[in-house]
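# Residue-level structural notes
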Amino acid sequence: MMKQAIFSGVLFSSILMAGCNGSESEEHIQVIESEQGAVESEPGKILSELHEKIIVSITEQTAIEEDVIAIMVGSGAGSIDVSVGFPKDVKVDERLIQQIVEDSIKKVAETENVTISEENIIIKIEKY
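Since the model is a prediction, treat every value here as computed from it, not as a measurement.

## Brief notes about the nonpolar core
Counting 26 residues, the largest nonpolar core has Ile 58, Val 82, Val 84 and Ile 97 as the members making the most contacts within it. Of all the elements in the fold, those that place two or more residues in this core are helix 3 (43-61), strand 2 (70-76), strand 3 (79-86), helix 4 (94-111) and strand 4 (114-127).

## Some points on the packing of helix 3 against helix 4
For the pair helix 3 and helix 4, interaxial distance at closest approach is 9 Å and the crossing angle is 140°. In terms of orientation, helix 3 and helix 4 fall into the oblique class. Judged by the sense of rotation from one axis to the other, the crossing of helix 3 with helix 4 is right-handed. Residues Ile 46, Glu 49, Leu 50, Lys 53, Ile 54, Ser 57, Ile 58 and Gln 61 of helix 3 touch helix 4, and the partners they reach there are Leu 96, Ile 97, Ile 100, Val 101, Ser 104, Ile 105, Lys 107 and Val 108. Residue composition of the contact of helix 3 with helix 4, by class: ten nonpolar, three polar and three charged.

## Quick notes on the environment of Ile 46
Tracing the backbone through its elements, the reader meets Ile 46 in helix 3. Taking the C-alpha atoms as reference, Ile 46 lies 8.2 Å from Ala 109; in sequence the two are 63 residues apart.

## Quick word on the pattern of salt bridges
Enumeration according to the criterion identifies two salt bridges in this entry. For Lys 45, the salt bridge is made with Glu 49, and the minimal N-O distance between the two is 4.0 Å. With Lys 45 and Glu 49 both in helix 3, this residue pair falls four residues apart, about one helical turn. Residue Asp 93 is joined to Arg 95 by a salt bridge in which the shortest nitrogen-to-oxygen separation is 3.5 Å.

## Digging into helix 3
Note on helix geometry: an α-helix contains 3.6 residues per turn, so any two residues three or four positions apart are oriented the same way. An ideal rise of 1.5 Å per residue puts 27 Å on 19 residues; helix 3 measures up with 27 Å between its terminal C-alpha atoms. Taken together, the buried positions of helix 3 are Ile 46, Leu 47, Leu 50, His 51, Ile 54, Ile 55, Ser 57 and Ile 58.

## Some remarks on the pairing of strand 3
For a regular strand, side-chain orientation follows a simple rule: the groups alternate between the two sheet faces. For strand 3, a buried count of seven out of eight residues is recorded, marking the element as mostly surrounded by other parts of the structure. In this sheet, strand 3 lies alongside strand 2 in antiparallel orientation, the contact comprising seven bridges. Within the sheet, the bridge partner assigned to Ala 70 lies in strand 3 and is Gly 85.

## Topic: the confidence of the model for the protein
For residues with low pLDDT, the predicted coordinates do not support detailed interpretation. Predicted confidence across the protein gives a mean pLDDT of 75, with 63% of residues reaching 70 or more. Taken as a whole, residues 34-41 scores under 50 in pLDDT and shows eight contacts with residues more than four places along the chain or in a different chain.

Parameters and conventions
- Each residue is numbered by its place in its chain's sequence as written, counting from 1.
- Predicted model: local features are reported for residues with pLDDT of at least 70 only, side-chain atom pairs are reported and counted for 80 or more only, and whole-chain, interface and lining totals are derived from all residues.
- Side-chain metrics in this entry use all non-hydrogen atoms of the structure; hydrogen atoms and water are not considered.
- Buried residues of nine kinds, namely Ala, Val, Leu, Ile, Met, Phe, Trp, Tyr and Cys, make up a nonpolar core once their side-chain atoms join them within 4.5 Å.
- Categorising residues by exposure relies on relative accessible area from a 1.4 Å probe, with only protein chains included: less than 20% of the type maximum marks a residue as buried, more than 50% marks it as exposed, and the intermediate range marks it as partly exposed.
- Each helix is a run of DSSP H or I of at least 4 residues and each strand a run of E of at least 2, with the numbering of both proceeding from the N terminus.
- Only C-alpha atoms enter the line fits that serve as axes; for helices the fit covers just the stretch in contact. Angles between N-to-C directions range over 0 to 180 degrees.
- Any angle from 65 to 115 degrees is called roughly perpendicular, while one under 35 is roughly parallel, one over 145 is roughly antiparallel, and all others are oblique.
- Helix crossings fall into two classes, left-handed where the near helix is turned counterclockwise from the far one by less than a right angle and right-handed where it is turned clockwise.
- Two residues form a contact once any of their heavy atoms are found within 4.5 Å.
- Polar here means any residue other than Ala, Val, Leu, Ile, Met, Phe, Trp, Tyr, Cys and Pro, which are nonpolar, and Asp, Glu, Lys and Arg, which are charged; Gly is therefore polar.
- Basic side-chain nitrogens of Lys or Arg form a salt bridge, by our definition, when they fall within 4 Å of a carboxyl oxygen of Asp or Glu.
- The span you would expect from a helix comes to 1.5 Å times its residue count less one.
- Two strands qualify as a pair provided that DSSP identifies no fewer than 2 bridges between them.
- Each residue gets a pLDDT score, which is the predictor's confidence in that residue and runs from 0 to 100.

Laid out in structure tokens, this is it:
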């Protein structure tokens, strides 16, 4: 848990300071909540569920261990930002990670009665 917090802090700092020198990909997805979903769910709860779902999905579908994955999920002004970081020496296709994150977002959105459109979610994948 402590390693994950350190990795998350390093990843967040590198993003704020113009990113790492490693590769990066980005995709935009729009999220629109239904009135019922907005009343029944709390944003913090959704972000926490999304964080956990992404970690579990990545560890199940790849050879990446949970303690080397750095994930940050945040929201504001109608958008959701997801950053996933893992070591450079891990051999995994970034498109696979991108798809895992997208699938996780859809599953959590269905659970929380949230409608998803592909313009307000930013997914960044970085190797550190």
